[in-house]
Amino acid sequence: MKLSYLLCPFALSLAWGCASSGPTPALLDARRAYAEASQSEAATYAPDKLLTAKQALDRAEGASMDNPGSFEEASLAYIAQRKALYAKVYGAYEKDQRAMISADGAYKAKQDTLRRSAERDASSSKAALVATWDNLNQANREIADKKGELAAEKAAREQAEKKAAAALESLSRIAQVKEEQRGVVITLDGSVLFVTNKAELLPIAKDKLNEVAKALKEMDDDKLASIEGFTDSRGSDDKNMKLSQDRANAVKDYLISQGVSAEKLRAVGRGEANPVASNDTAEGRANNRRVEIIIQSSAQAAASMKR
Amino acid sequence: MIRFVATSMVAFAFVACGGSSLPPAKVVDAQSAITAAAAVGAENNPQAALHLKMARDQVKQADKLIAAGEDAEARLVLEKAQADAEVALIITREADAAAKVMKANADVQNLNRTQ
């Protein structure tokens, strides 16, 4: 078995050499393999391996010439075929290696591009966030300021209202004070304010008007005071109208002299209109001779102007 | 010639015993090529595994030829073994490289789709 195994290639070679003068199938395979390798990537990527394959083929061709059909020829043809296959596969391997480098480069370049883009996005997002945060802080500061202002305003208003209420309270001790639709009405008796039939203020009137002035100065800025003079029905209408106007003016002037803003005051003579009591009795006429100071809001003042 | 055969046989004897300090170059080259192919996983690639098996069989054949004193034939068979082992190695490496290229290209395409 062993002897036949060893002798078999020699016997075949001898038989081939006697039977044919052409190349052996192994040499044909080697030539075909080399031709394929020459047309493959090996030509570009593995020329040295291709050269080795060519040398192996030349060696086989030489053996074919010297010892056709020999074991040496068959072996060298076999080796040449393997060398050609090796060159062909090596060419593909080298091409793969370069493709790998190229793909790696493309991957890294793309990663860099994406990273830079992400960094830019992150940077602009951060800037936007910072801007939003700043705006929010600014808004919060403004809200806090506004709250403070509102609280201060509320406190000031409450304080002013308290002062005004206190002033009206003290005023109610020297005059009649009533809350009416047209406003808060302070009624001062004409007999204690003026010399009879004149618009001249009595000394005692000034004490009362000082209290009134104090109350008016405590009023809110949007409040107005309408000073309205009234007479009884005795005498002519013209005379009563003039007297009531003069008395209203006298009160207004005095209040201005005590620091009340002129812009907040209006003096109107009503004559014998709107009596509050009968003019048939002395007491009634005394009540009708009066000065009313009406503290009004702007809207109330506009309504009373129409009267 | 006789000296070469004797040296080879002695070398083979040393290789078989694992005690050779200077094995014949052809044997060493063939064995090294087989070892290298096996190391890269040639046995896991059908085509490479076939060449690896042929290489191993040829080494055994060469062993017998040397034992029979057929030194010249043994040299040729060892060259065949080395050629087959080298083919097994490069087939394995090329298959791995091709797979890596395919994956790398897929990675690039995936990355391009992410934008």
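Residues numbered from 1 in each chain as written. Chains lettered and ligands numbered in written order. Predicted model: local features only at pLDDT ≥ 70, side-chain atom pairs only at ≥ 80, totals over all residues. Heavy atoms only, no water.

(A) Molecular detail of the side chain of Lys208 of chain A. All names here are of chain A. If you trace the backbone, Lys208 turns up in helix α7 (residues 203-217). Look at Lys208: it is buried, it has no salt bridge, and the nearest opposite charge is Asp189 at 8.3 Å. Those residues in contact with Lys208, other than ones at most four positions away along the chain, are Ile174 and Val192. (Helix = DSSP H or I, 4+ residues; strand = E, 2+ residues; numbered from the N terminus. Buried < 20%, exposed > 50% of the residue type's maximum accessible area, 1.4 Å probe, protein only. Lys, Arg positive; Asp, Glu negative; His and termini not counted. Salt bridge = Lys/Arg side-chain N within 4 Å of Asp/Glu carboxyl O. Contact = heavy atoms within 4.5 Å.)

(B) How the structure looks around the packing of helix α5 (residues 71-171) of chain A against α7 of chain A. Residues and elements named next belong to chain A. For the pair α5 and α7, the least separation of the axes is 8 Å and the interaxial angle reads 165 degrees. The angle between the axes of α5 and α7 places the two elements in the roughly antiparallel class. As α5 runs across α7, the sense of the crossing is left-handed. Residues Ala167, Ser170 and Leu171 of α5 form the contact with α7, whose participating residues are Glu211, Val212 and Ala215. Taken together, the residues of the contact of α5 with α7 sort by class into four nonpolar, one polar and one charged. (Axes fitted to C-alpha atoms, helices over the stretch in contact; angles between N-to-C directions. Parallel < 35°, antiparallel > 145°, perpendicular 65-115°, else oblique. Left-handed = near helix turned anticlockwise from the far one by under 90°. Nonpolar A, V, L, I, M, F, W, Y, C, P; charged D, E, K, R; others polar.)

(C) Region of interest: the environment of Thr231 of chain A. Residues and elements named next belong to chain A. Relative to the elements of secondary structure, Thr231 occurs in the loop between β3 (224-230) and α8 (237-257). Overall, Thr231 belongs to the buried group, its relative accessible area being 4%. Separated by 38 residues in sequence, Thr231 and Gly269 place their C-alpha atoms 9.1 Å apart. Not counting residues up to four positions away in its chain, the partners in contact with Thr231 are Asn240, Leu243, Ser244, Gly271, Glu272, Asn288 and Arg289. Only 3.4 Å separates the side chain of Thr231 from the backbone nitrogen of Glu272, close enough to count as a polar contact. (Polar contact = N/O pair within 3.5 Å; in protein donor to acceptor, adjacent residues only side chain to side chain.)

(D) Inspection of the sheet that holds strand β2 (residues 183-189) of chain A at higher detail. All names here are of chain A. Here five strands make up an open sheet; going across it, the order is β1-β2-β5-β3-β4 and the pairing mixed. Unpaired on one side and paired on the other, β1 (176-180) and β4 (265-269) mark the two borders of the sheet. Going across the sheet, the axis of each strand differs from the next one's by a mean of 20 degrees, ignoring polarity. In the sheet, β2 pairs with strand β5 (residues 290-296) via six bridges, with the strands oriented antiparallel. Across the sheet, Val184 pairs through a bridge with Ile295, a residue of β5. (Pairing = 2+ DSSP bridges.)

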